[in-house]
Amino acid sequence: MAYLKPDKPEKVYVPALRAAKEKGEKLACLTAYDYPTARIVDEAGVDIILIGDSMGNVIHGYGNTIPVTLDEILSAVKAVKRGSNRALIVADMPYGSYHTGDNEAVSNALKLMKDGGAEAVKLEGGRNRVDLVKRLVDEEIPVMAHVGLTPQSVHKLGGYRVQGKTAEAAQILIEDAKMLEEAGAFAIVLELVPREVAALVTQELKISTVGIGAGSECDIQVLVLHDLIGFTFGRQPRFVRQYANVSQVITEAITNWMEDVRGGKYPNENESYGLPEDVDLEKLKAIIR
Ligand code: KIV
C-alpha cells in the first residue's frame, strides 16, 4: 500500500478511502475517546479514528449507547483531535442528536466539526436516514453510514443479534446500503452481518464498507480499542480478537505499587525532594516546635 502506509504519514482524508478500495488496500479503524489513546492509535498508523458512542459501554459504564450525549462526544472529539495528526477523525452522532429534525441534526453535526474538529460524522440507520444523509452531504459534512446491528436501536431490536440472516432481511440490508451510497455517504459500517452478505455489499458498492463482526471481505475493519486490548469486562462477542490484557497489566501495576506503599518502599529518595543545602534543618525544627 503506497498512499496510506504508516511509514508514509500523509494525512488521511475522505477521498483516500475510495482510492484505497480501488487499489484493493485494506484499512484499519479503531475507536478512541481521549488524548493519550488518540496519540497511541494515530502514531501506530491506524487510518481512521472513530469517536464512537461505544464510549457509553466502554468508558461511562452506561450499559448501552442510548444515554451518550452530544457534549460527551464533543469533549472526546476535541481531545482525540489534539492527539492525532494523520488519521481521519470520524465522530459518532449520539442517539437523539439527529432524530428530531434535519436542521437540528445539521446543527449538531456542524458542532462536532467546527467546535470539535471532526472530519466526518457517523450515524445509524438505513433507508429512513437517506434524506438526512443527502442534507448533511449538501452541507459539506461527510457521512459514514451504519447498518446491520445498530446499537442505538437496542430497545427496538430487543438485544444485540446478527442482522440480515434471512433472504428478505439481507435484501433489505443490501438495498439500504445502496440507497445510502446514492445519498452520498462516503463509507458504511456493517455491524454483525453474515460474512457472505457483507462480501456482497462490499462488491456491490463503490464506497468503502467498514466491517465489525462482518467477515474479512469488508474494505475496512473497525474494532473498539478497549476490546482489542482487553480493557473491558464481561464476555466478548465472537468477532473480538483480544491482542493484549491491559486490565491485567493495570491490576499488576496497582498491586505492586500498593505493596511498596504499605512496605514503606515507595517513594524512595530519588522519587522525592530534599531541602537545599543552605537550609539548616535544626533551625527549621526549632521554628516549627
Ligand atoms: O460506537 C462505535 O464504536 C461504533 C463502532 C463499533 C462501529 O459504532
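Residues numbered from 1 in each chain as written. Predicted model: local features only at pLDDT ≥ 70, side-chain atom pairs only at ≥ 80, totals over all residues. Heavy atoms only, no water.

**A closer look at the overall build of the protein**
When helices and strands are counted, the protein shows twelve helices and eight strands. Dimensions along the principal axes, computed over C-alpha positions, put the protein at roughly 85 × 40 × 40 Å. Excluding contacts between residues fewer than 6 apart, the proportion of contacts in the protein whose partners are at least 24 apart in sequence is 59%. Carbon and sulfur atoms make up 53% of the accessible area of the protein, which totals about 15,700 Å². Taken as two groups, the 33 positive and 41 negative side-chain charges of the protein have centres that lie 3 Å from each other. (Helix = DSSP H or I, 4+ residues; strand = E, 2+ residues; numbered from the N terminus. Contact = heavy atoms within 4.5 Å. Areas by Shrake-Rupley, 256 points an atom, 1.4 Å probe, with all protein chains shown as cover. Lys, Arg positive; Asp, Glu negative; His and termini not counted. Charge placed at Lys NZ, Arg CZ, Asp CG, Glu CD.)

**Observations regarding the sheet that holds strand 4 (residues 120-122)**
If you trace the eight strands once around the closed barrel, you get 1-2-3-4-5-6-7-8, paired in parallel fashion. Across the sheet, the mean angle from the axis of one strand to that of its neighbour is 25 degrees, orientation sign disregarded. Of the strand pairs in this sheet, strand 5 (residues 143-148) and strand 6 (residues 187-191) are connected by five bridges, and their pairing is parallel. Residue pairing in the sheet places His146 in a bridge with Val189 of strand 6. (Pairing = 2+ DSSP bridges. Axes fitted to C-alpha atoms, helices over the stretch in contact; angles between N-to-C directions.)

**A closer look at the site of the ligand**
Thr31, Leu50, Gly52, Asp53, Ser54, Asp92, Lys122, His146 and Ile212 make up every residue found near the ligand. One of the side-chain nitrogen or oxygen atoms of Asp53 is found 3.0 Å away from an oxygen atom of the ligand. Side-chain polar atom of Ser54 to an oxygen atom of the ligand: 2.6 Å apart, as the coordinates give it. Contact with the protein chains hides 95% of the accessible area of the ligand, taken as 260 Å² for the molecule alone. Across the shell around the ligand, the residue classes break down as two nonpolar, four polar and three charged. (Near = heavy atom within 4 Å. Polar contact = N/O pair within 3.5 Å; in protein donor to acceptor, adjacent residues only side chain to side chain. Nonpolar A, V, L, I, M, F, W, Y, C, P; charged D, E, K, R; others polar.)

**Quick word on the state of the cysteines**
The tally for this structure, following the rule as stated, stands at zero disulfides. This cysteine, Cys29, is not joined by any disulfide, and Cys218 carries the nearest cysteine sulfur, 12 Å off. Overall, Cys29 belongs to the buried group, its relative accessible area being 3%. (Disulfide = S-S within 2.5 Å. Buried < 20%, exposed > 50% of the residue type's maximum accessible area, 1.4 Å probe, protein only.)

**Side note on the packing of helix 6 (residues 130-138) against helix 8 (residues 167-183)**
The interhelical angle for the contact between helix 6 and helix 8, taken along N-to-C directions, is 25 degrees, at an axis separation of 8 Å. It follows from the interaxial angle that helix 6 and helix 8 lie roughly parallel. The handedness of the crossing between helix 6 and helix 8 comes out as right-handed. Contact residues: Val130, Val133, Lys134 and Val137 in helix 6; Met179, Leu180 and Ala183 in helix 8. (Parallel < 35°, antiparallel > 145°, perpendicular 65-115°, else oblique. Left-handed = near helix turned anticlockwise from the far one by under 90°.)

**Here we look at the nonpolar core**
Judged by nonpolar contacts, the single largest core of 78 residues is most densely connected at Leu17, Leu112, Ile188 and Leu190. Apart from the residues within four sequence positions on either side, Leu17 is in contact with Val12, Leu27, Ile48, Leu88, Phe186, Ala187, Ser208 and Ile220. (Core = buried A, V, L, I, M, F, W, Y, C linked by side-chain atoms within 4.5 Å.)

**Looking at the pattern of salt bridges**
Evaluated as defined, the whole model comprises eleven salt bridges. The residue Glu43 makes a salt bridge to Arg39 at a minimum N-O spacing of 3.0 Å. You can see Glu43 and its partner Arg39 sitting in helix 2 (residues 35-44), four residues apart, about one turn around the helix. Given the relative accessible area of 36%, Arg39 is considered partly exposed. One continuous salt-bridge network, built from bridges that share partners, spans Lys11, Lys81 and Glu119. (Salt bridge = Lys/Arg side-chain N within 4 Å of Asp/Glu carboxyl O.)

**Side note on the pairing of strand 5**
Of all six residues making up strand 5, six are buried, and the element is well covered by its neighbours. Burial along strand 5 is two-sided: the residues Val143, Ala145 and Val147 and Met144, His146 and Gly148 are all buried. Here two bridges tie strand 4 to strand 5, and the two strands are oriented parallel to one another. The residue of strand 5 that forms the bridge with Lys122 is Met144.

Such coordinate-based values are descriptive only and should not be taken to indicate function.
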